[in-house]
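Each chain is listed here by its residues.
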Amino acid sequence: MLNYLWGIMIMLGIGYGIATGEVEALSNATIESTGEAVTMSITMLGIMAMWTGLIEIARRAGLLERMTNALHPVLRFLFPRIPEKDPALEYIAANIIANILGLGWAATPMGLKAMKELARLQRSRSHDRKELTKASDEMCTFLIINISSLQVIPVSVIAYRTQYGSVNPAAIVLPGLIATTISTLAAVIFCRIMCKKR
């Protein structure tokens with residue numbers, strides 16, 4: 001569906017440029033934006049590689065396990081059905097920590113691993129084939145918390161703002177913290193209500 005939306009927007013943009021006689025401006029903008037996209041990709045790739053590497057070092061050094069223990073009361077409240085010391089909790093904690101630090105891209109690999117572990121738990125619990133095709137409460141809760149994404153230091157956004165010449169790239173920190181705190185609280189309340197209904 002999203003592919004169709006992007007395709008329609010691109011066609012509308014090209015059609016509007018041709019209809020208004022701005023074909024040259026359209027061509028120039030296309031070339032400039034592709035160059036900017038490559039530059040931005042390289043910048044973000046470096047940032048993502050650094051933070052993903054640091055998270056992996058933290059995992060091997062046992063820091064993630066300590067952080068998981070620190071988040072234990074929160075994780076118990078959000079995911080009461082996940083067994084103690086299950087690998088899913090470590091990956092969920094790593095994802096939440098990466099999101100809190102504003103490292104959305106670095107959070108993605110941990111999020112995928114967490115979902116894989118949650119799917120494993122669902123398979124071990126359910127013998128009904130229909131249940132296996134549905135997302136569990138834990139999957140839904142994790143996904144919605146991941147999307148709401150509480151951020152203390154939005155590193156990615158600061159990097160974007162720096163890339164585009166912002167005078168004060170870190171000015172986004174306080175508004176971002178307020179917005180993501182509200183969205184995360186709303187997500188947690190919604191998840192608790194829906195899980196109790198089920």
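Each remark here, short or long, concerns the structure printed above.
Everything numeric here is computed off the predicted structure, so don't read it as measured data.

*Asks:* How should I be thinking about the overall build of the chain in this particular structure?
*Replies:* The helix and strand inventory of the chain stands at 10 helices and zero strands. N-terminal to C-terminal, the α/β element order of the chain is α-α-α-α-α-α-α-α-α-α. Counting only C-alpha atoms and orienting by the principal axes, one finds that the chain spans roughly 65 × 40 × 30 Å. Counting every position in the chain, which comprises 198 residues, the buried fraction comes to 31%. A separation of at least 24 residues holds for 66% of the contacts in the chain among residues at least 6 apart in sequence. Carbon and sulfur atoms make up 70% of the accessible area of the chain, which totals about 12,800 Å².

*Asks:* Just to check I follow, could you spell out the nonpolar core for this structure?
*Replies:* Grouped burial of nonpolar side chains is what soluble globular proteins tend to show. With 29 residues, the main nonpolar core has Leu75, Phe79, Ile82, Ile92 and Leu118 as its most contacted residues. For this core, the elements supplying multiple residues, two or more each, are α2 (23-60), α4 (72-78), α5 (87-100), α6 (104-125) and α8 (137-148). Among the elements that make up this core, the one with the highest residue count is α5 (nine residues). When sequence neighbours within four positions are dropped, the list of residues in contact with phenylalanine 79 reads Ile92, Glu138, Thr141 and Phe142.

*Asks:* It is not clear to me how the packing of helix α3 (residues 63-70) against α5 should be interpreted in this structure. Could you clarify?
*Replies:* Two measures define how a pair of helices packs: the angle their axes make with one another and the distance between the axes. Where α3 contacts α5, the two axes come as close as 9 Å, and the packing angle between them is 90°. The angle between α3 and α5 falls in the class roughly perpendicular. Across from Leu64, Met67 and Thr68 in α3, the residues of α5 making contact are Leu89, Glu90, Ala93, Ala94 and Ile97. Its residues placed into classes, the contact of α3 with α5 shows six nonpolar, one polar and one charged.

*Asks:* Just to check I follow, could you spell out helix α1 (residues 2-19) for this structure?
*Replies:* Structural remark: α-helix, 3.6 residues per turn; residues separated by three or four positions point the same way. Taking 1.5 Å as the rise per residue, α1 with 18 residues should run 26 Å; its terminal C-alpha atoms sit 25 Å apart, in good agreement. When you tally the buried positions in α1, you get one out of 18 residues, a small fraction of the element. Glycine 21 sits one or two positions beyond α1 and adopts a positive phi of about 75°.

*Asks:* It is not clear to me how unusual backbone geometry should be interpreted in this structure. Could you clarify?
*Replies:* Glycine aside, negative phi is the norm for most residues, and most peptide bonds take the trans geometry. In the Ramachandran plot, lysine 85 falls in the positive-phi region, its phi being about 65° despite a non-glycine side chain. Assessed through its relative accessible area of 67%, lysine 85 is described here as exposed.

*Asks:* So what exactly am I meant to see when it comes to the side chain of glutamate 117 here?
*Replies:* Here glutamate 117 shows up in helix α6. Ignoring any residue separated from it by four or fewer positions in sequence, one finds glutamate 117 in contact with Asp86, Pro87, Ala88 and Tyr91.

Reading guide: rules and limits
- Residues numbered from 1 in each chain as written.
- Predicted model: local features only at pLDDT ≥ 70, side-chain atom pairs only at ≥ 80, totals over all residues.
- Heavy atoms only, no water.
- Helix = DSSP H or I, 4+ residues; strand = E, 2+ residues; numbered from the N terminus.
- Buried < 20%, exposed > 50% of the residue type's maximum accessible area, 1.4 Å probe, protein only.
- Contact = heavy atoms within 4.5 Å.
- Areas by Shrake-Rupley, 256 points an atom, 1.4 Å probe, with all protein chains shown as cover.
- Core = buried A, V, L, I, M, F, W, Y, C linked by side-chain atoms within 4.5 Å.
- Axes fitted to C-alpha atoms, helices over the stretch in contact; angles between N-to-C directions.
- Parallel < 35°, antiparallel > 145°, perpendicular 65-115°, else oblique.
- Nonpolar A, V, L, I, M, F, W, Y, C, P; charged D, E, K, R; others polar.
- Expected span 1.5 Å × (residues − 1).

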